[in-house]
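One letter stands for each residue in the lines below.
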Amino acid sequence: ELSQRMSERAVDVIKYLMKEGQMMKPGDVIDADLAELIATEFGHTVKRVSESDVEEGIFNVVDDDSALTSRAPVVTIMGHVDHGKTSLLDAIRHANVVSGEAGGITQHIGAYQVEQNGQKITFIDTPGHAAFTAMRARGAQATDIAILVVAADDSVMPQTIESINHAKAAGVPIIVAINKIDKPSADVQKVRTQLLQHEVFVETMGGDVLEVEVSAKNGTNLDKLLEAILLQAEVLDLKANVDRTAEGTVIEAQLDRGRGSVATVLVQNGTLRPGQIVVAGDQWGRVRALVNDQGDHVKEALPSMPVEILGLSGAPHAGDKFAVVENEARAREISEYRQRLARDKAAARQSGSRGSLEQMMSQLQATGLKEFPLLIKGDVHGSIEAIQGALDKLGTDEVRARIVHAGVGAITESDISLAEASDAAIIGFNVRANVQARQAAARSGIEIRYYNIIYDLVEDVKAAMSGLLSPER
Ligand code: GDP
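Counting of residues starts from 1 at the beginning of each chain's written sequence and follows it residue by residue. For this predicted model, a pLDDT threshold of at least 70 governs which residues receive local features, and a threshold of 80 or more governs which side-chain atom pairs are given and counted, while totals over whole chains, interfaces and linings are taken from all residues. With hydrogens and water set aside, each side-chain value is computed from the structure's full complement of heavy atoms.

- Naming follows an unreviewed UniProt entry, where the protein appears as Translation initiation factor IF-2 of Rhizobium halophytocola.
- UniProt positions are given in the numbering used here, feature names are shortened, and annotations may be inferred rather than shown by experiment. What UniProt states about the protein under its Function (unreviewed entry) heading is, verbatim, "One of the essential components for the initiation of protein synthesis. Protects formylmethionyl-tRNA from spontaneous hydrolysis and promotes its binding to the 30S ribosomal subunits. Also involved in the hydrolysis of GTP during the formation of the 70S ribosomal complex."
- Within the UniProt record for the protein, the comment given under Sequence similarities (unreviewed entry) is "Belongs to the TRAFAC class translation factor GTPase superfamily. Classic translation factor GTPase family. IF-2 subfamily."

### A look at the pairing of strand 6 (residues 174-179)
Move 1: The buried label applies to any residue whose accessible area, calculated with a 1.4 Å probe on protein chains only, is under 20% of its type's maximum; exposed applies above 50%, and partly exposed to all values in between. The helix and strand labels rest on DSSP assignments: H or I over at least four residues marks a helix, E over at least two residues marks a strand, and numbering proceeds from the N terminus. Along strand 6, six of the six residues are buried, which leaves the element largely enclosed by surrounding structure.
Move 2: Burial of strand 6 is two-sided: the residues I174, V176 and I178 facing one way and the residues I175, A177 and N179 facing the other way are all buried.
Move 3: Sheet topology note: the strand 5 (residues 145-151)/strand 6 ladder contains six bridges and is parallel. In the strand pairing of strand 6, V149 is matched with A177.
Move 4: Crossovers are described as right-handed under a simple rule: with the strands pointing away from the observer, the path leading from the first strand over the helix to the second runs clockwise. The handedness of the strand 5 to strand 6 crossover, carried by helix 6 (residues 158-170), is right-handed.
Move 5: Pairing of strand 6 with strand 7 (residues 211-213), which is carried by three bridges, proceeds in the parallel orientation. Across the sheet, I178 pairs through a bridge with E213, a residue of strand 7.
Move 6: Between strand 6 and its parallel partner strand 7, the chain crosses via helix 7 (residues 188-197), and the hand of that crossover is right-handed. In this analysis, strands are considered paired if DSSP registers two or more bridges between them.

### Details of the site of the ligand
Move 1: Any residue with a non-hydrogen atom lying within 4 Å of a molecule or strand is treated as near it. Not every one of the 15 residues close to the ligand is listed here, only the nearest: D82, K85, T86, S87 and D182.
Move 2: What qualifies as a polar contact is a pair of N or O atoms within 3.5 Å, subject to a donor-acceptor requirement within protein and to the restriction that residues adjacent in sequence count only when both atoms come from side chains. Within the contact set of the ligand, an oxygen atom lies 2.7 Å away from a backbone nitrogen or oxygen of D82.
Move 3: Shrake-Rupley sampling with a 1.4 Å probe provides the accessible areas, and residues are treated as covered by the protein chains on show and by no other component. Starting from 580 Å² of accessible surface for the ligand in isolation, the protein chains cover 72%.
Move 4: Of all the elements, helix 4 (residues 85-96) adds the most residues to the shell around the ligand, at three residues.
Move 5: In this classification, the charged set is Asp, Glu, Lys and Arg, the nonpolar set is Ala, Val, Leu, Ile, Met, Phe, Trp, Tyr, Cys and Pro, and all remaining amino acids, among them Gly, are polar. The residue inventory of the shell around the ligand, partitioned by class, reads two nonpolar, seven polar and six charged.

Written as structure tokens, this is what we have:
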């Protein structure tokens, strides 16, 4: 890599290293200092940049105000299960789809656009706050407006409240859609007063949150809902610059047998075109084709438009950022940087968590293993026996504790290495770890938990087994 960048032959670099007493072969990793030494030795000028500079000028580029034009709002539908999120998404889509063929094929690519009064609105096709927040956790803010669906016959329910909190945490304005008003048991007033208790003040209650009474089933007032969205969008004054290279967020992605990597992205700024080179998460590739929500190949994707990108090297994750870059070398550099970041993170997680009860359980769940390895040290034989008996009883068909080692006395360095080797967590009952053991545990990321009441110990293991254990006690 280094010789390539210097336009030197790899063999010359290896020879130089040999002369310096370093036996290396192509592909071996060298550190920055050595790389600088070599580059200087070969007559190149070195400019040190920090790793994160790799992405400079590509993501979150700020545009001049004068370059901006308005863009369509991007909407996510949230609400309690069975309150009609999917029905509403389908009803809006069917009523407003710009259909070429009658009864045209609806292509589900993860997001779609409709038109109301000549203005476009983009809907994210995965309803609910889980997907919304998962994307946010990856740093993506794809949604401009949240539609909170509340069924008038069921009113405010736990996931309604969660949705409100998730939208508020993201700073995304809410529009309330009171659904199922066709039902005889519908009580819209109850919905309004209950929303009040959760600090959503709708217009008819003197607040400024837009609200629309709808029936997804009968298609009632869908146009009013779309108008409310456009009104809210106007307030938000959403803008983008079409005259620049595109960037945005991955909505979903998969590897398709026939088509290879298929990634649906939401263009958030700029214009995306076939032939351009794109980095998405830690994947990259030249855009072979762009496919819109109608299944048509398109020549460009403008801001707020969802499109499928064909031609990436692999499938990025929902919530990953994508951007167009100037050439393949840059794309490779960024994707390698991101892969390295991901690897480092995974490694840190691994070493930081190895042996911790809750991490172990999630690992077990992931691998489908059925044993929960533990290493137990106690003050007397009697207590260890009692603990073993209690843990035995906890076992189910799915998962049971496997006691790797149980013994009397303080926790020692050798306990740590055993725990490390067998991926076990360590439990100390009325005993402590000695200094060396504590240091070794910190080094290898092994968790030691101390107890002096058997009941507490058993409860914690039980909680870990059901994935409910709080991080630290
Ligand atoms: P989701 O879980 O929020 O996505 O809810 P769904 O869209 O799956 O709807 C749950 C149930 O409510 C389904 O049986 C729908 O047919 C029904 N439903 C949805 N909207 C309406 C409506 O406006 N009126 C009536 N009567 N039923 C509805």
